[in-house]
Every structure is written in C-alpha cells, then in structure tokens.
Amino acid sequence: MKRPYESPTISRHQGGITNKFGVGVSNRFQSEIEGFPISKLLQEYGTPLFVYSEKTLKKTYREMLDAFSLRYPKTRHAWSYKTNYLKAVCRSFHRLGSWAEVVSGMEYEMARANGVDPRFIVFNGPYKPYPVLKRALEDGAIVNLDSLDEYFEAEEIASQLRHPVKIGLRLNMSLGTHMSWDRYGFNIESGEALAAVKRILAGRKIRIEGIHAHIGTFVYDVQNYSTAITKLAEFATALKRDFGISLKYIDIGGGFASRNRLRGTYLSTADMIPSFDTYAEAICKPLLDGLTSVFHPEELPTLILESGRRMVDEAGMLISTVSSTKRMNSGTRGLVIDAGVNLLFTSFWYDHDVLPTSDHGYSNEDHVIFGPLCMQIDVIRPTVHLPHLEKGDSVIIKPAGAYNNTQWMQFINLRPNVVMISENGKVGLIRRAEDVAYLQERETIPEWLNG
Amino acid sequence: MAERLSYLSDTLLRSYSQILFSESRSVGAAILASSLVIPAHGFCGIFGGLSSAAFALVIGMDRIAIRKGLFGFNGVLTGLALGHFFSLTPQLLAVLLVGSILVTLLTILINHVFMVHLAAPAMSMPFNVATWLILLASMDFGILNAALPREALIALPWEPPYPADLFLKNIGAILFQFSPLSGFIITLGLLAHSRIALVLMIAGFLAALGVQEFLFASEPQWLTFNPMLAALAIGGVFLIPGPASLLLALVAAVLAAILVHANLEAFPQNLSPLALPFNAAVILIVVALRLRTYSSRAVQLTTGFGSPETNLKNAQAQRKSRRREMRIGVPFFGKWKVTQAIDGQYTHQGYWRFAYDFQAVDSSGQLWKGPGETCQDFLAYGRPVLAPADGRVALTLDGVPDNPVGSINTDQNWGNYCIIEHSPGFHSCMAHLKPGSLMVSPGQPVRKGQPVGLCGNSGRSPYPHIHLQFQSSAIPGAPSIPFEFQNLMVGGASTEPLTFLSHGILRENEIVENTTLSFDGSLFPCIAGVRWAYEFKTSRETWESMVDPIGNTYIESFPLRTRLYFHDVEGVFEITRIEGSRETGLFLFGASISELPNISPDRGHVGTVHWLASNSADGAVIQAWPPWIEMSHLLSLLGIAFQVATKYQMTPTPGRRHISADPRLCLKLPFGKLPLKALPKKEMLFADGAVEWLSIEGTTVLRRVK
C-alpha cells in the first residue's frame, strides 16, 4: 500500500537541557466515532461539530454509581447543569436516575422544563434573588443557603408559605494545604456555621435538612475530599448530638477531575486522574466512620454528588477542520482551525488531546493550533506533536463535553451543530447551528436611529 | 338485670359447647336441645352445670372463665352421667349438688397441676374423677335407684344405616344420650360450627371402627366417642389443622381405642372408664409435643382456643407477622452477586448447607477490575460488611491474614469473623473478613445495616467474598440453620428484570441488594390526620390515615368503616390486617395488594419492577364463590389450599407509580401449585402520596376527588 507522504522537517535542536521523557513519536489518529466515519459526520452536519456519545455517558454514570453504591447505602447523583445544560444531555442523565443541581434561576427553570420534580432539584450558588428563592422554596426544592442575607429572605418567605420550609447550609472549611473556596457559604472553623445554625433554630420557621460543601474544580488529590467529608460528618454529628437535628442529606458537591491534561502538570492523565473507586473510598469511608456513632443505619443521610465535569467531559468531542497553515518565526508549524476559544473555552486551562482524523503518518513535528478569532490568545494548543496536516484536514479535540457548551461565545463566529450518538447507533441533532437572525433576534433599533 | 340474664345464659350455653371445645352459644344450644330429648336426663345436666358454675362463682373464681363455660362443662357431664345411671329423685339431686361442688374443686386442682407441671389441658378429667368417686360412694347409698330405661321424647323418623347409626349413637354417648336423634342434633350443631371438626370426628370414628374390625375386638360398648373426641382434639383444637395433624389425629384415635379396651379390662364391672381414654391419649400427645426438641411447621401447637378454622386462619396470620419481627437483609451496600447459595457445590454441603457467598459486581457483571491478580482488584475487597439484622455481637476473631488470590487457609477455616446473636438460638456469622477491620466487639449491640468489618480474603477463601450463615449457637463452625431474607431487590442486570423479593431464599448467580428508604418519604405518610376523598363505584367515601394508641398505623374509611393496618418500613409498604366492611374502596385496595416496594426513579431504580405475592384465598378476593371458602378449610386437612398468586408490576415515573396486578387462583398441593382460573386484572396509580385511581379489567372503580 502506498505510504502517505511525510514531508521532510527541520527541527531545531536545543542543547543543554535534555527532555527526560525523550522524544516520542506516535501514529495516533481517530477516523470514526463509535462506528460513524468522521468524514461522513462532517459532510452531513458541517464543520466544526460537537459530538456526544450516549454510550460513554451511560458507562461513566454506571461506573460512578457502582463505586459509590458499594460503599455507602444511599448515594444520589445530581446533574450539574452549569457543566452542560443542553436538554438532550440533561435528560440523558435524568433518565439514568440523576437529580438536578442548579446555581441560578435560569438553570432552575431549565431543570423544571426538563420535567425534574422540584423536590429533586438542588439549588446552590451565591446569587438567588428574592423571586427566584421564593419560587424554589414554594416548590419544595433543596435550597442550600449561601449567606445570612439569603436566610433572612428565606425566613420571610417561610412565614408566608403554608407548608414547612426546609433548607440546607453551604459550608466551607480548611482543607489543610489550602482553603476550599472560601467565598461561598459559612465557615466551619471560625464558628460562623454554628452561629448560623443557632440563628436558624431560634427563628423557628425553617428546618435544617442538609449540609453542602463544594471544595473546588478538577480536584485530583483525593485527600481534600477525605478532609472535607470528615469535617462535614463531624458537623452533622454535632448537629444531631447537640441540637437533635437528623440531617437528610450531606452534599459533597463535585469537582472530580476528568481525564483532561491541566496545563502546567506533567504526569499523564492515566497516572494523575483518580478513578471513581478512589474518590468513593476517600469520601465514603470517612463519612461512614464519622456518622455511625450517632446515626442508626436507617437514619444515615443521603450522600449527594454533584459531579459534572467527570461525568460528561469524555462523552463530548469537538471536530474541527484546518483552514490554513503557517510557519511561525520560531520554526514551529501553525494551524488555523475553525474552532477556537469561542467554542472551547476550557482550552485556556487545559491541553486537550488533538488527533488527526485520518492516517497522516507519524507525529513528528511540533505545532501550535490557533482558532479562527482575531485574538492572539485564541490558541487551542500552544504546542503539540502532530503529523504534517494541510488545509482541509480535520482533527478531533477531546475531551470536550464539560463547560464548553455552556461557556461558549457568540463571538465572531456562529455556534455550530451539536449531535449525539445514541447507545444503539443513531445520530441525532441536539442543537442546530445558529444563524445571524437568531443572533439578532432580541435586538431592537430605538426610534432615533431609524431612517 | 339484663346483664345478669345474659351472663347466666352465656354460662349455661357455653358449658354445653365446651364439651366439644367450642365457645359458640349456638353449638351449646344444639347440645342442650339434644340432651332434652329425654327431658329428665337433660334436666340433670342443666342442674349439674349450673351448680358447678355457681359454686365457682361463690368461692371467687375468675368470672370470665366461668362465663366461657370452663367451670360448667364438667358439671354438665357429671349431671348427665349421674342422671343416666340413677333415676331422678330429690336424693339424686342432693348427691348431684355435692358432685358438682366436687367437680368444681377438682377442676381447680387438676387444671392447676396440669398447667403448671405438664403444660397440658385438663379437659374432662375433673368430670371423670368426680363421677367415679360419686359412683363408688353411691354403692353405699341405698336410696339411689338405678335408672330405668327411658324412652326418648321423639325419635328420628327413620333408622340410619350402619355405621351411621353407630356414629350418631356415639356422638350422643358423649352426653350419655343413646338415641340417634340426640346425635343427629349435635351433628347439625357441629356442622354449623366447624366442618373440620365434623370431619375429624368422622375420621376418629372410622379409625376406631377400623381397629375393631382389624383386631376382632369385643364390643367397646358405647365408648367409641373417646377415639372420636381424641381425633377432634388433636386434629384441630390443640394443633393447627393440616395433613400432619390429621395423621396424628388418627394416631390419637387408635391410641384411644386401644386404651378403651385396656380400661374396660382394668376397671371393675360397675365403674365405667367414662372419658379417660380420650383424656389420656390427648394429654400424652400434647405433653410430648410441648417437650419436643425440634419443632416443625407441619405440626404446630395452637396458642389459644378457637374453632379449627379459626386456628387455621390465626396460624396463617401469625406466620406472616413472625416474618416481620426479624427482618434479615443482605450484609452489604449496593449490588452483589450470589456466588454460592444453599447446597452450593463447593463448600455449602452437609452441616453448612444453609449458607451464602456474596461477591460485589459492577454494572457489567464483573467481579474484579484489571487483571484480577491481587485482592485489591476485586470489587468486594475492603467493602463494608453489615449486620444482617438487629442483635448483639457474640464473638469476633481478628488477626487472620488475607490469602493471596487463589489460595486458601484451611487451618483457620472461617478467617476473621463476626458472630451476632439476634435472638436466643439464632446467630448470624459473617466470615472471611479483612484483618484489622473488625469495628465491633463482643457484647456490643448492633443495628441492622451497621458496618461490623470489611470484606477480606481470610480463611478458606480464594477470592474476596462474604460468607453468611445462620446457626443456633455462637460457636464458629456450628451447623447452619435455614432462614429467609426479607425485602430484597433481585436482578436488574441487563438480562434479568428487576424483582422485589418480599421474603425468600436466593439462588446462585442472582444479583441482589437491600431495599432502602426512598428520599422523598413513604407511599403513605405515617402521620395522623391526612384525608383523601374518593368516589367508589357510585358512592363517596373518605379515607383518613391514623395512628392508634399502641402505635399501629392504619387508614380508616368513612362512612362505611374499613380499617387497613399497615407497616411502612425499609422502603416497603405492607398491609398487615383488614377489618370491617367489605363494601368499601379501601377494602378493595387492601385486598388487591399485600406489599408494595416504594420504588421511585430518584432512587436510581429505573425501569419496571416485578414481584409475586401469594395469599390465601379470601372471599372478597374471589368474590364469586363464598361456599368454596369453607370447602377450602376442609381441604387444608389434606394439605390442599386455595391461594391467590398475583404477579405485580410497577413502573415508576417522577412522582407517580403505576402498578398492575395479575391475580390467578391456584390450588396449593403438597407437591406444587396448580394454576386454576385467572382473576380480574387490577391496575392502580399512586401520585403525591395517595392512591389516585384503581381499575378492574380496565374499568375505573375507585377515583380520587380533589
């Protein structure tokens, strides 16, 4: 068979510092997604294209549930809407049994529109304006309060409602090496959290049903979770012992890392990213140990997980096409592709995997990949080893499922099609590409600019 | 005054009915009527009964016991006996009065001695002893004349054929009445009261007749009533009716028949053995059963008095409630696979038959991740092992090291273990735990579901697994005893449907987990005062959920009152008892289901759940053939029963649970179940913590109104 042409390259050698990993060459490419040739997908749906795999989503969900259900009697997963609020993605999770986790009125309405029972919507976040808070409390959602101001509003709402109002408290705590995000909720160590509990009990209008702590994002050192859950368990034990409050849930939030390469780290994802079993062991063991002294087995609070990134990142991929090539002054080859930080916001922090979609031979040359925007910082990968790609060749960028479809921009280019491949091999369009009319739909011209 | 009259009539009538172990006044009236066929004779019976009861009242015995006829029936028998042997004169009545007092005193003494020392009933022993003493004494009383043969006031219009005439005469003989008419009246009374009793009497009679023919025995005079009463007592009064009790009843009858001849030879000519053979046979058997070491379900002693049919129903209800007292769950979180079950081919043999081995699985059915070469690769390793039921830790062992995968330690067979005592003679043993992981110590109380250690690979264990068995002592390695699990979810893997197991055993390769409480609470809120309004067929009814002073939760309907008692525990809604009117929608609802697992999608149980329930057939359930129900009680003597086996299916969607029930009438035979007729299919919907509607064969009969 005729071997593909490999152009000769000129690599600059740098003396002095040797790369301890050596210079690796590989011939990695991916020409199909679950049996669908990428070229056909591009033909039918255009470029660039987001592709989601229901199979991967389900597999990841089951792995997560398996790991936790073996270690703690009652675990529930609440799908974190901010990670991806495409209806098809959300509904896929809800069908598997996930609750919803929202952080704004907008997300709350999205969850309601997806048919989620409000009793299974976890409403977190620092911004809950009065009408939004009222609606959530009226509906009986699981609201975790962020501040005393929020509590005072909740108290007022509770006196107007006929049914009892239950809330949870967002807590933050010291994790040893660093503070969990300290702008949210009530601090445990300073006594702020306990004072809030006492104030709520004195108010007599609202019942405390649960506690919540979300310690960070892309947390790959599981000791942080162990510390956090130990402190949550201690707090729950103190509430039961000292105030007779038997909590119904303990929410450990999300933040599980996905197999993406965080910029500035050097280990491979296989070595660095913990498995669900590792997260589960780090969370469930201290939790069970911490609670069994005062909680009877049938009283144990439900453990709520809000993992978003880890659940969906690997299920999503972005396919993009090279529109032009350059040779930079440093000698590095540059590729301009039709997807940039407007579609892949997460490339500001992560080095996504970029693979050619057909066999171009060995990856023997360093490349920088630029997006289509006219911003110098629109860089998908500042450095990546790829074979010699030309205009019209396409690449697949992954994992792209988390945050990219919520943080993408309507900037310079229109947002493209999003498709999902079902478990039994059907391709369905889940979001249509935008057009200019859609973009300008909400604009009006004031009368002084007419004519 | 009315109260006194009712007390008097109760005492009198029940004194007669207790002769046949009944508390029914109508049976008593029938027996009383039969004794008045020869009025003078019958009068003696009434006199004897009332005197003995009166004396008991005067000296201060328990009034309720007197009202039940327990002090009167021996007096009635004494009166009838003396009235039979002697003619009715004032002197006889005086002697009878003394005899009644004697009988009452003997009743108190013999009851006490028998109950305390033998745990056996005294039955008519006081009558026997009192009558013997009076008969012996009366040999010295010249004034008492032997009775002349008396003619019955009326007689049966026709002569019953052999052996029916003998049967009727012997029934009458219980009351010293030898006319077939008396026997006939008593038989009618018995037929109305308990068909099983009548069948047992006939069986006893035939057994005695058989003995007579087989052994060419001499005429037992009129003492054949002894085997008949013995069969009744053993077959349905002191034991739960069933095929084994029937056999034992025949044994009792044969025993009594033999004892009749023994007594006839032993006693002097002018002293009749009376009811001694019957009492002796029954007491011997009952005492032996009370003192037995192994109790079997086939032969069960009753705990109280009632007609055989009532005993049968109570036993069935008790069997259900006993299950509820000790709920045994699986000792782990999540879904595990049964890798070896009862009579498993590897190690669950012989003394250790009744045991289970469990290993954790993931959704694709894998027991290990990666190469599976180390203990850590196995999903079960290090997982919490839970107490299967409430109890107290009896014995633990720690320090046995884990084996490498594939090798076993036969020196310390059980490895690290935890033995928990759940009730005296009922212990559980979880073996092969991880060294250093025991979280409890002997003497510590534990709750069901509480972690006691971690799963390891110690002892005779080549792969990390939990071994669970129940045994009667706390010694490790004690023989295992059979048990049933309650409230499990089985299956749910891609190829098997998810099934709810309310009680039962597990089989190899089944995937199983405990049911757990739903986050959003129970199917019915267990608080008092919640009301729902319904339209049932053409009328309206209201349901209200309540709690009684003892703490039982129930739902009551108005205006027609039905009470539905229920339990809601471990995520399973169980109906324990239905009382009251059968014409309400609440009754229909209760008769349609017995258990409902509280599955909802928020628990991650997505998809349809199936389960089976078997209940004894009830008139309301069958709804068409009430006479068959009485027949069904008779059939239980042969181990045959009518049952309704229902296949349930529940499909949960957010906030709603749709349930369909497919009942089928079955005949339960000793060797299996025979399906008969399919009964009307039912469907119901639960939403917002209430029954929304119920339909039969597609037609909605019950609907909630807002």
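Residues numbered from 1 in each chain as written. Chains lettered and ligands numbered in written order. Predicted model: local features only at pLDDT ≥ 70, side-chain atom pairs only at ≥ 80, totals over all residues. Heavy atoms only, no water.

### Considerations on the nonpolar core
Moving on, step 1. Counting 109 residues, the largest nonpolar core has Phe68(A) and Ile167(A) as the members making the most contacts within it.
Moving on, step 2. With nine residues, the single largest contributor to this core is helix H10 (residues 276-291) of chain A.
Moving on, step 3. Residue contributions to this core reach at least three from each of two domains, namely domain 1 (32-52 + 316-437) and domain 2 (54-313) of chain A.
Moving on, step 4. Excluding residues within four positions of it along the chain, Phe68(A) makes contact with Thr75(A), Phe256(A), Phe276(A), Tyr279(A), Ala280(A), Ile283(A), Cys284(A), Leu303(A) and Leu305(A).
Moving on, step 5. Listed in part, the 89 residues of the second largest apolar core include Val27(B), Val76(B), Leu209(B) and Leu239(B). (Core = buried A, V, L, I, M, F, W, Y, C linked by side-chain atoms within 4.5 Å. Buried < 20%, exposed > 50% of the residue type's maximum accessible area, 1.4 Å probe, protein only. Helix = DSSP H or I, 4+ residues; strand = E, 2+ residues; numbered from the N terminus. Domains from an automatic or database assignment. Contact = heavy atoms within 4.5 Å.)

### Considerations on the interface of chain A and chain B
Moving on, step 1. Chain A puts 28 residues into the contact, and the matching count from chain B is 27 residues.
Moving on, step 2. In total, chain A and chain B occlude about 2400 Å² of area from one another, counting both sides; carbon and sulfur atoms represent 59% of this.
Moving on, step 3. Summed over the three residues of chain A that lose the most area to chain B, namely Leu70(A), Arg76(A) and Pro297(A), the buried surface amounts to 24% of that side.
Moving on, step 4. Our count for the chain A to chain B interface comes out at three salt bridges.
Moving on, step 5. The partner of Glu298(A) in a salt bridge is Arg447(B), and the shortest N-O contact between them spans 2.3 Å. (Buried area = accessible area lost by both parts, 1.4 Å probe. Salt bridge = Lys/Arg side-chain N within 4 Å of Asp/Glu carboxyl O.)

### Here's the deal with the pattern of salt bridges
Moving on, step 1. Per the stated rule, a full pass over the model turns up 41 salt bridges over all chains.
Moving on, step 2. A salt bridge links Glu138(A) to Lys134(A); the shortest N-O distance between them is 3.0 Å. Of this pair, Glu138(A) and Lys134(A) both sit in helix H5 (residues 130-139), four residues apart, roughly one helical turn.
Moving on, step 3. Look at Glu138(A) and you get partly exposed, because its relative accessible area is 35%.
Moving on, step 4. The structure contains a network of salt bridges with shared partners spanning Arg71(A), Asp277(A), Glu281(A), Lys369(B) and Arg383(B).

### Some details on the pairing of strand S7 (residues 142-145) of chain A
Residues and elements named next belong to chain A.
Moving on, step 1. Here S7 shows two buried faces, one formed by Ile142 and Asn144 and the other by Val143 and Leu145.
Moving on, step 2. The parallel pair strand S6 (residues 121-123) and S7, bridged by H5, forms a crossover whose chirality is right-handed.
Moving on, step 3. The parallel pair S7 and strand S8 (residues 165-172) is bridged by helix H6 (residues 148-160), and the resulting crossover is right-handed. (Right-handed = clockwise from strand over helix to strand, strands pointing away.)

### With respect to the domain arrangement of chain B
Moving on, step 1. Here chain B is partitioned into domain 1 (1-151), domain 2 (336-482) and domain 3 (530-705).
Moving on, step 2. Averaged C-alpha coordinates put domain 1 of chain B and domain 2 of chain B at centres separated by 63 Å.

### Section: the state of the cysteines
Moving on, step 1. This model, assessed by the stated rule, comprises zero disulfides over all chains.
Moving on, step 2. The cysteine Cys284(A) is free of any disulfide, with Cys455(B) supplying the nearest cysteine sulfur at 16 Å.
Moving on, step 3. Left without a disulfide partner, Cys418(B) is nearest to the cysteine sulfur of Cys429(B), which lies 8.2 Å away.
Moving on, step 4. Under the relative-accessibility criterion, Cys418(B) is labelled buried at 0%. (Disulfide = S-S within 2.5 Å.)

### Things to note about the packing of helix H7 (residues 192-203) of chain A against helix H8 (residues 223-243) of chain A
Residue and element names in this part refer to chain A.
Moving on, step 1. Between H7 and H8, the shortest axis-to-axis distance is 12 Å and the interhelical angle comes to 40°. Between H7 and H8, the angle falls in the class oblique. Where H7 crosses over H8, the handedness of that crossing is right-handed. Packed against H7, whose contacting residues are Ala193, Leu194, Val197, Lys198 and Leu201, the element H8 presents Phe235, Leu239 and Phe243 at the interface.
Moving on, step 2. Class assignment for the residues of the contact of H7 with H8 results in seven nonpolar, no polar and one charged. (Axes fitted to C-alpha atoms, helices over the stretch in contact; angles between N-to-C directions. Parallel < 35°, antiparallel > 145°, perpendicular 65-115°, else oblique. Left-handed = near helix turned anticlockwise from the far one by under 90°. Nonpolar A, V, L, I, M, F, W, Y, C, P; charged D, E, K, R; others polar.)

### Side note on helix H10 (residues 195-214) of chain B
Because the α-helix completes a turn every 3.6 residues, residues three or four places apart line up on one side.
Moving on, step 1. For H10(B), built from 20 residues, the straight-helix expectation of 28 Å at 1.5 Å per residue is met to within 8% by its first-to-last C-alpha distance of 28 Å.
Moving on, step 2. Most of H10(B) sits out of view: 14 of its 20 residues are buried. (Expected span 1.5 Å × (residues − 1).)

### Observations concerning the packing of H10(B) against helix H11 (residues 225-237) of chain B
Residues and elements named next belong to chain B.
Moving on, step 1. At a minimum axis separation of 7 Å, H10 and H11 run at an interaxial angle of 130°. Between H10 and H11, the angle is such that the two are oblique. When the axes of H10 and H11 are compared, the crossing they make is right-handed. Residue-level inspection shows Ala197, Leu200, Met201, Gly204, Phe205 and Ala208 of H10 in contact with H11, the latter providing Pro227, Met228, Leu229, Ala231, Leu232, Gly235 and Gly236.
Moving on, step 2. The residue inventory of the contact of H10 with H11, partitioned by class, reads ten nonpolar, three polar and no charged.

### A short note on the packing of aromatic side chains
The description of an aromatic ring pair rests on the distance of the ring centres and on the angle between the ring planes.
Moving on, step 1. Under the criterion given, the structure shown has 43 aromatic pairs over all chains.
Moving on, step 2. Note on Trp99(A) and Phe120(A): the rings are 5.3 Å apart at their centroids and 25° apart in plane angle, and the pair reads as stacked. In this pair, Trp99(A) sits in strand S5 (residues 99-102) while Phe120(A) sits in the loop between helix H4 (105-113) and S6, placing the two residues 21 residues apart along the sequence. Across the pair, Phe120(A) and Trp99(A) agree in class, each one buried.
Moving on, step 3. Taken together, Phe332(B), Trp336(B), Tyr356(B), Phe358(B), Phe426(B), Phe470(B), Phe483(B) and Phe485(B) form an aromatic cluster joined through their ring pairs.
Moving on, step 4. Lys240(A) extends its terminal NZ or CZ atom over the ring of Phe295(A), reaching a point 5.5 Å from the ring centre.
Moving on, step 5. Residue placement shows Arg563(B) over the ring face of Tyr554(B); its charged tip is 4.3 Å from the ring centre. (Phe/Tyr/Trp six-rings, centres within 6.5 Å; stacked < 30°, edge-to-face > 60°. Lys NZ or Arg CZ within 6 Å of the ring centre and 35° of its normal.)

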